[in-house]
Amino acid sequence: MEWWQALVLALVQGLTEFLPISSSAHLLLPSMLLGWPDQGLAFDVAVHFGTLIAVVIYFRRDLWALTLGGWEAVSSRTMNDSSREIGFLALATVPAVIVGFALNDVMDSLRTVPVIATTTIVFALLLAYADGRVSATPVENVASWQIALVIGCAQAIAPIPGTSRSGITITAGLLLGLSRHAAARFSFLLSIPIILGAALLKTLDLVSIDTAVDLPLVLLGTAVAALSAYACIAMFLRLIEAVGMLPFVIYRLLLGAVLCGLLWA
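Residues numbered from 1 in each chain as written. Predicted model: local features only at pLDDT ≥ 70, side-chain atom pairs only at ≥ 80, totals over all residues. Heavy atoms only, no water.

Q: Help me understand the packing of helix α5 (residues 81–102) against helix α10 (residues 180–207) in this model?
A: Packed helices, taken two at a time, are described by their axes: the angle between them and the distance between them. In contact at an axis separation of 10 Å, α5 and α10 are set at 45 degrees when each is read in the N-to-C sense. Here α5 is positioned oblique relative to α10, judged by the angle of their axes. Read as a crossing pair, α5 and α10 show a hand that is right-handed. On α10, the residues touching Glu 85, Phe 88, Leu 89, Ala 92, Thr 93, Ala 96 and Phe 101 of α5 are Arg 185, Phe 186, Leu 189, Leu 190, Pro 193, Ile 194 and Leu 201. When the residues that make up the contact of α5 with α10 are grouped by side-chain class, the tally is 11 nonpolar, 1 polar and 2 charged. (Axes fitted to C-alpha atoms, helices over the stretch in contact; angles between N-to-C directions. Helix = DSSP H or I, 4+ residues; strand = E, 2+ residues; numbered from the N terminus. Parallel < 35°, antiparallel > 145°, perpendicular 65-115°, else oblique. Left-handed = near helix turned anticlockwise from the far one by under 90°. Contact = heavy atoms within 4.5 Å. Nonpolar A, V, L, I, M, F, W, Y, C, P; charged D, E, K, R; others polar.)

Q: Quick question: what am I supposed to make of the side chain of Ser 187 here?
A: Within the fold, Ser 187 resides in helix α10. What makes Ser 187 buried here is its relative accessible area of 1%. Here the side chain of Ser 187 touches Thr 169 through a polar contact of 2.7 Å, side chain to side chain. (Buried < 20%, exposed > 50% of the residue type's maximum accessible area, 1.4 Å probe, protein only. Polar contact = N/O pair within 3.5 Å; in protein donor to acceptor, adjacent residues only side chain to side chain.)

Q: Looking at this structure, I do not really get the side chain of His 26. What am I missing?
A: Summarising the element assignment, His 26 is placed in helix α2 (residues 23–34). Taking the relative accessible area as the measure of exposure, His 26 reaches 12% and is therefore buried. A distance of 3.5 Å separates a polar atom in the side chain of His 26 from the backbone oxygen of Ile 21. Of the polar contacts made by the side chain of His 26, one reaches the side chain of Tyr 251; its length is 2.8 Å. What His 26 contacts, discounting residues up to four positions off in sequence, is Val 12, Thr 16, Ile 21, Tyr 251 and Leu 255.

Okay, structure coming up:
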C-alpha cells in the first residue's frame, strides 16, 4: 500500500468500528471497487489494536471501577454490581467466540458486494425499527443474564459482512428495552474482548509466516485508527442522545442503494 491508502484505511477503520455502519464492509469496498491492494495481515492487526486502545482509554474509568468492584466481590465472596456486569459481559462474549471458531471460513466466503449490500439495507431497517421502540423510561443498564445472552447471540452474527457488530448489538439492546446510551455502552465494552481476541489471533497468524513488516506504515495505522476511533466514540454517544439512530439508518440505506446501483450497472 501507499502511505495515503494506509491513512485512508486506518481512518475508515477508526471511524466505522464503533458506528452501526459496519467497518468490515467499508474496509472491503476499496479493494473491491477501487482495486486497492489487500491491506495485509500486519496492518490489519495494527488498526485493530488502534481501535482497542481507543475504547479502553475512553472507558478507562468504567473499566477501573469494574476491576475494583470485581476484586472486592472476589475478596468478600459476594456479588455486587461490578461483578454482575463482568459476568454479563463474559456471558455475552461466548456466542461470538463459538461462532467465530466454527464458521470463520464460511464468513470469509460471504465477503461479496451483493451480501454487503443486502445486509447493509436489512440491518438498517431493523435498527430503525428498534430505535423507534425506545420508550420514555428505558432501562439504563443490562440487569439480567437473559438480556446479556440475547445481545451476545446478536453479536455472533456480526461477522457476516455488512452487519456491523456495534449495529446489531445496539439493535438487540434497544429491542430489549435499553436506552440508547446503555445499549451503546454495553456494546462498546463488549467489543473489548472481541477486538482483543481477534487481534491476538491475527498476531499469531502473523508470527507464523515469514513476511516483511513495514513498521512506519503499521505505526501510522495504529495511531490514526486509535485517534479517529476515540473521537468517533465520543461523538456517537453525544449524538444518539440528541437525534437517535436515524442518521446512521439513512447512511446505511444510501450506502446499500449505491452498492445495488453498482451491481446493476
